[in-house]
Amino acid sequence: MIIREPKFEVSAVSPKQYPKNDLPEIVLVGKSNVGKSSFINTMINRKNLARTSSEPGKTRQINFYNIDESFYFVDLPGYGYSKMSKVEQEKVGQFIEEYLFKREQIVLVIFLIDIRHSPSANDRLMYNYVISSGLPFIILANKADKIAITKVDAAVKAIQDEINPIGDITTLPFSAERKIYKDEVFKILDSYLNVD
Ligand code: GTP
Ligand code: MG
């Protein structure tokens, strides 16, 4: 896949604000600060088209990035951001749930987990939620640059053993920072988008 002109299109908190077309959507989920927005920037080769921050809680709405009029990357707010008020967390949880359950053109959910930690209670909730939604998904263990390269495979396996012991969900390392494993991930995205 060659990306030429990725554009931010719209932020949404309810279905009437979603883009009005049926392009396929690839959506990022995961806890706050795990690197969902950074993942998008890395894949599209832009420094900060998707706004990132070292502080968790940067993305607060559903952001649609139109990739060459052929598909969207959809960036969601993260969960587990304790500074957000209970009321706001509830609101955000509801619009995320509404999006994941209602949006018919989601072709893939990319579930980011921090390679350095075992999946949190919220990660497990999200995992179960995605499973129950029936949506296709893969797990990427992000921030692989933060551990020694010799430990990457074992760390990915430890995450898989904990969250998906049957091992039927594709789980790969990733580093948005160093842009490693990007080619492997593009191949997967191409297969879900039916691109050669
Ligand atoms: P929310 O919008 O709060 O849900 O967070 P997010 O998941 O979108 O995280 P974001 O992309 O804003 O990244 C959070 C921080 O982690 C930023 O400081 C990024 O530079 C950093 N980061 C993201 N990916 C990586 C990575 O692969 N390696 C390292 N070392 N840092 C990363
Ligand atoms: Mg973000």
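Here is what the cut-offs are and how they apply
Residues numbered from 1 in each chain as written. Chains lettered and ligands numbered in written order. Predicted model: local features only at pLDDT ≥ 70, side-chain atom pairs only at ≥ 80, totals over all residues. Heavy atoms only, no water. Pairing = 2+ DSSP bridges. Helix = DSSP H or I, 4+ residues; strand = E, 2+ residues; numbered from the N terminus. Axes fitted to C-alpha atoms, helices over the stretch in contact; angles between N-to-C directions. Contact = heavy atoms within 4.5 Å. Polar contact = N/O pair within 3.5 Å; in protein donor to acceptor, adjacent residues only side chain to side chain. Salt bridge = Lys/Arg side-chain N within 4 Å of Asp/Glu carboxyl O. Donors = N, O, S within 2.8 Å, 3.2 Å for Na, K, Ca; no water. Buried < 20%, exposed > 50% of the residue type's maximum accessible area, 1.4 Å probe, protein only.

Caption draft 1: Layout of the sheet that holds strand S1 (residues 6–12). Read from one edge of the open sheet, seven strands run S1-S3-S4-S2-S5-S6-S7, paired in mixed fashion. At either margin of the open sheet sits one strand with a lone partner, and together these are S1 and strand S7 (171–173). Adjacent strand axes in the sheet meet at a mean angle of 25°, parallel and antiparallel pairs treated alike. Of the pairings in the sheet, the one linking strand S3 (residues 62–67) to strand S4 (residues 71–75) comprises five bridges and is antiparallel in character. Bridge pairing in S4 links Ile67 to Phe71. Against the sheet, helix H3 (residues 121–133) makes contact with strand S2 (25–30), strand S5 (106–114) and strand S6 (137–142), and its axis sits at roughly 165° relative to S5, the strand it touches most.

Caption draft 2: Spatial organisation of the side chain of Ser175. Considering the arrangement of structural elements, one finds Ser175 in the loop between S7 and helix H5 (182–193). Here the side chain of Ser175 touches Arg178 through a polar contact of 2.9 Å, landing on its backbone nitrogen.

Caption draft 3: Expanded view of the pattern of salt bridges. Scanning the entire structure with this criterion turns up eight salt bridges. Across the pair Lys157 and Asp161 runs a salt bridge, and its minimum N-O distance is 2.9 Å. On the criterion of helical spacing, the pair formed by Lys157 and Asp161 is a turn pair, its members being four residues apart in helix H4 (residues 152–163).

Caption draft 4: Expanded view of the coordination of the magnesium ion (ligand 2). Taken together, the protein ligands of the magnesium ion (ligand 2) are Ser37 (OG) and Thr59 (OG1), with distances of 2.1 to 2.2 Å. On the criterion of sequence distance, the pair formed by Ser37 in helix H1 (residues 36–44) and Thr59 in the loop between H1 and S3 is long-range, its members being 22 residues apart. A relative accessible area of 11% places Thr59 in the buried class.

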